[in-house]
Amino acid sequence: MQTIDLRGVTCPTNFVMAKLELEDIEAGTTVEFLLDDGEPVKNVPRSLKDDGHKLLGLKEQDGYYTLLLEKGAD
Amino acid sequence: MAEQKIDLRNLKAGGFIKERGKDLFTVRLRVPGGRLSVDRLAKIAAVAQKYGKGYVHLSVRQSIELINVNFADFDAVVAELGEEQQKVASCGARVRVPTACGGCEYNPNGLVDTQKSALEVDEKLFGTATGHHKFKVCFAGCPFDCPKSAINDVGFQGAVWPSLDADACIGCGLCAKSCTEGALAMADGKPVFDAKKCIYCGDCIKVCPTSAWSAAKKGYTVRIGGKWGRRPLIGTLYATFVPEERVVDFIAAVLAWYQEKAEGAGRVRLGDIIIREGWQSLLNHLSRDFADFVVAETTAPQVIVNQIPLPGQA
């Protein structure tokens, strides 16, 4: 599974980077994003959901978050 | 009587404001919710170019003000603005043009259609004489409250009440992580809701991957009695989840109370009348038609200590 590390990237750059990464991924594929605590973990999942992707889960480890997501159809 | 150079009916609602220079006025335009089409904006620019100073002023309450307009040109200004349905606003002791945020159509935080509410209130209540002082209304689409609802005579704030379908919940924890107010925490893999902490922002609903969270109620949180100016007051809570379609009636009910209770008080804002009469009086009045929405009790408008005059100043 592909892991996209968005730690250290602030809003909205992290969301735009996530969008760009998702462009090269096939619909239905599961990917994970690494997100910082605070604004990123609050904003990025919601924005990706708005874009039509399916959120599958969120895990915290060592002070950051792993968001599991299935790419939606365009 | 001298021959009238201008149509005095245009002046009825105010909106033509005396400037320093002889014969010169500011013309305040009516832009409810601060939204206007680019065509209207272009028309305003053309009129400002022709009759004004070469610049406009964006008022604090989302209006465009034409500067340095000679009073002899009022009729022409009104007529030319009318070609794009642009009207002149009000000033004085009247219901002012409502302000609003962008609302829910394109702003991801917006919970209610504030633009629609602002247009409706503008259409039905704009310019209503209060008999006492100005009367300001605003619409915020969510608890971020960019329009600052609590410093309006009646301020509306979009709100949703969340409800969980436990069977649809996958226990991902995104809602608890999104809740800024600490109203949601995860226990045994499921969210636990502490209703006392919820401010109705709906972030849990927006982030929920499976739509397990949904809006059980939607409407406006209403604060009354706020103002800014020389003696600021913060409006206090009178109602929750007032449906969008009841907004005009709600404001009309507040107005009726103000018109009656401020009789003889002179130029006094609603908040100061509430302090004088007691919040119970207004709450009781609103309970008649809005019993499902008014709160059990509130407080008087909160006085903001602005530290002037300096204490102990001779």
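Residues numbered from 1 in each chain as written. Chains lettered and ligands numbered in written order. Predicted model: local features only at pLDDT ≥ 70, side-chain atom pairs only at ≥ 80, totals over all residues. Heavy atoms only, no water.

With that out of the way, let us pick up the overall build of chain B. Along the backbone of chain B there are 8 helices and 13 strands. Overall size of chain B, expressed as C-alpha extent along the three principal axes, is 85 × 50 × 45 Å. Buried residues in chain B amount to 48% of all 314 residues. At a minimum sequence separation of 6, the contacts of chain B that also span at least 24 residues come to 68%. (Helix = DSSP H or I, 4+ residues; strand = E, 2+ residues; numbered from the N terminus. Buried < 20%, exposed > 50% of the residue type's maximum accessible area, 1.4 Å probe, protein only. Contact = heavy atoms within 4.5 Å.)

The next subject is the layout of surface pockets. Its boundaries defined by the atoms lining it, the largest pocket holds a volume of some 730 Å³. Lining the largest pocket are 32 residues; nearest its centre among them are Val60, Arg61, Arg96, Lys134 and Lys136 of chain B. Of the residues that constitute the lining of the largest pocket, the class distribution is 10 nonpolar, 9 polar and 13 charged. For the lining of the largest pocket, the two domains that each supply at least three residues are domain 1 (8–82) and domain 2 (99–160 + 218–303) of chain B. Here the second largest pocket defines a volume of roughly 300 Å³. Looking at the second largest pocket, it is lined by 15 residues, and the ones nearest its centre are Asn109, Phe144, Thr180, Cys201 and Asp203 of chain B. For the lining of the second largest pocket, the elements supplying multiple residues, two or more each, are α2 (39–50) of chain A together with α5 (203–207) of chain B. A total of 4 residues in the lining of the second largest pocket trace back to one element, the largest contributor, which is α2 of chain A. Here the residues of the lining of the second largest pocket are counted per class, giving 5 nonpolar, 4 polar and 6 charged. (1 Å grid on protein atoms, 1.4 Å probe; cavity = no way out; pocket = protein on both sides within 12 Å on 5 of 7 lines; lining within 4 Å. Points joined across faces, edges and corners; volume = space filled by probe spheres on them. Nonpolar A, V, L, I, M, F, W, Y, C, P; charged D, E, K, R; others polar. Domains from an automatic or database assignment.)

Turning to the environment of serine 149 of chain B, a few remarks are in order. All names here are of chain B. Within the secondary structure, serine 149 sits in the loop between β6 (137–140) and β7 (154–164). C-alpha of serine 149 to C-alpha of lysine 197: the two residues are 48 residues apart in sequence and 20 Å apart in space. In this view, serine 149 contacts Cys138, Gly155, Phe156, Gln157 and Arg223; residues no more than four positions away in its chain are not counted.

The next subject is the sheet that holds strand β1 (residues 2–5) of chain A. Residue and element names in this part refer to chain A. Spatial ordering of the open sheet is given by β1-β2-β4-β3, a layout of 4 strands whose pairing is mixed. Edge strands, defined here as strands with exactly one partner in the open sheet, are β1 and β3 (54–61). Across the sheet, the axes of successive neighbouring strands diverge by a mean angle of 20°, strand direction being ignored. Alignment of strand β2 (residues 30–36) against strand β4 (residues 64–70), held across 7 bridges, turns out to be antiparallel. Paired with phenylalanine 33 across the bridge in β4 is leucine 67. The strands touched by helix α1 (residues 13–23) within the sheet are β1, β2 and β4, with β2 carrying the most contacts at an inclination of about 165°. Packing against the sheet, α2 makes contact with β2, β3 and β4, and its axis sits at approximately 150° to β2. (Pairing = 2+ DSSP bridges. Axes fitted to C-alpha atoms, helices over the stretch in contact; angles between N-to-C directions.)

This part is about the interface of chain A and chain B. Bring the parts together and some accessible area is lost; that lost area is often taken as the interface size. Contacts between the two partners involve 13 residues from chain A and, on the opposite side, 15 residues from chain B. For the pair chain A and chain B, the summed buried area comes to about 1100 Å², and 56% of that belongs to carbon and sulfur atoms. Three residues, Lys42, Arg46 and Lys49 of chain A, lead the burial of chain A against chain B; their summed loss comes to 52% of the area buried on that side. Joining chain A to chain B, the criterion identifies 2 salt bridges. Taking the shortest distance from any N to any O, the salt bridge between aspartate 203 of chain B and arginine 46 of chain A comes out at 3.2 Å. Counting across the interface, chain A meets chain B through 8 residue pairs in polar contact (both at pLDDT 80 or more). Residue assignment for the side of chain A that touches chain B shows that the elements contributing at least two residues are α2, β3 and β4 of chain A. Of the residues assigned to the side of chain A that touches chain B, the class counts are 7 nonpolar, 1 polar and 5 charged. (Buried area = accessible area lost by both parts, 1.4 Å probe. Salt bridge = Lys/Arg side-chain N within 4 Å of Asp/Glu carboxyl O. Polar contact = N/O pair within 3.5 Å; in protein donor to acceptor, adjacent residues only side chain to side chain.)

Right, let's talk about the sheet that holds β6 of chain B for a bit. Hydrogen bonds between backbone groups are what pair the strands of a sheet, and the pairing can be parallel or antiparallel. Residues and elements named next belong to chain B. Strand order across the open sheet formed by 5 strands is β5-β6-β7-β10-β12, with mixed pairing between neighbours. Unpaired on one side and paired on the other, β5 (99–100) and β12 (236–242) mark the two borders of the sheet. Relative to β6, β5 runs parallel, the two being bridged by 2 bridges. Bridged to alanine 100 within β6 is phenylalanine 139. Sitting on the sheet, helix α3 (residues 114–125) touches β5, β6 and β10 (213–224), and the angle it makes with β6 is about 165°. Against the sheet, helix α8 (residues 279–290) contacts β10 and β12, and its axis sits at roughly 15° relative to β12.

Okay, empty space enclosed by the protein next. Residues and elements named next belong to chain B. If you walk through the whole model with that rule in mind, you get 2 cavities of 30 Å³ or more. Counted as a void, the largest cavity has a volume near 120 Å³. Around the largest cavity, the lining is made up of 16 residues, and of these Cys179, Cys198, Cys201, Gly202 and Cys204 lie nearest the centre. For the lining of the largest cavity, the secondary-structure elements that each account for two or more residues are β7 and α5. Among the residues making up the lining of the largest cavity, the classes are represented as 11 nonpolar, 2 polar and 3 charged. What lines the second largest cavity is a set of 15 residues, and nearest its centre among them are Cys169, Cys172, Cys175, Cys208 and Pro209. Among the residues making up the lining of the second largest cavity, the classes are represented as 12 nonpolar, 3 polar and no charged.

The next subject is the pattern of salt bridges. Between side chains of opposite charge, pairing is possible as soon as their charged atoms come close. Residues and elements named next belong to chain B. One pass over the structure, following the stated rule, counts 18 salt bridges over all chains. Aspartate 122 serves as the salt-bridge partner of arginine 30, at 3.0 Å between the closest nitrogen and oxygen. In this pair, arginine 30 sits in the loop between β2 (24–28) and α1 (38–51) while aspartate 122 sits in helix α3, placing the two residues 92 residues apart along the sequence. Given the relative accessible area of 15%, arginine 30 is considered buried. Note on aspartate 122: relative accessible area 7%, which makes it buried.

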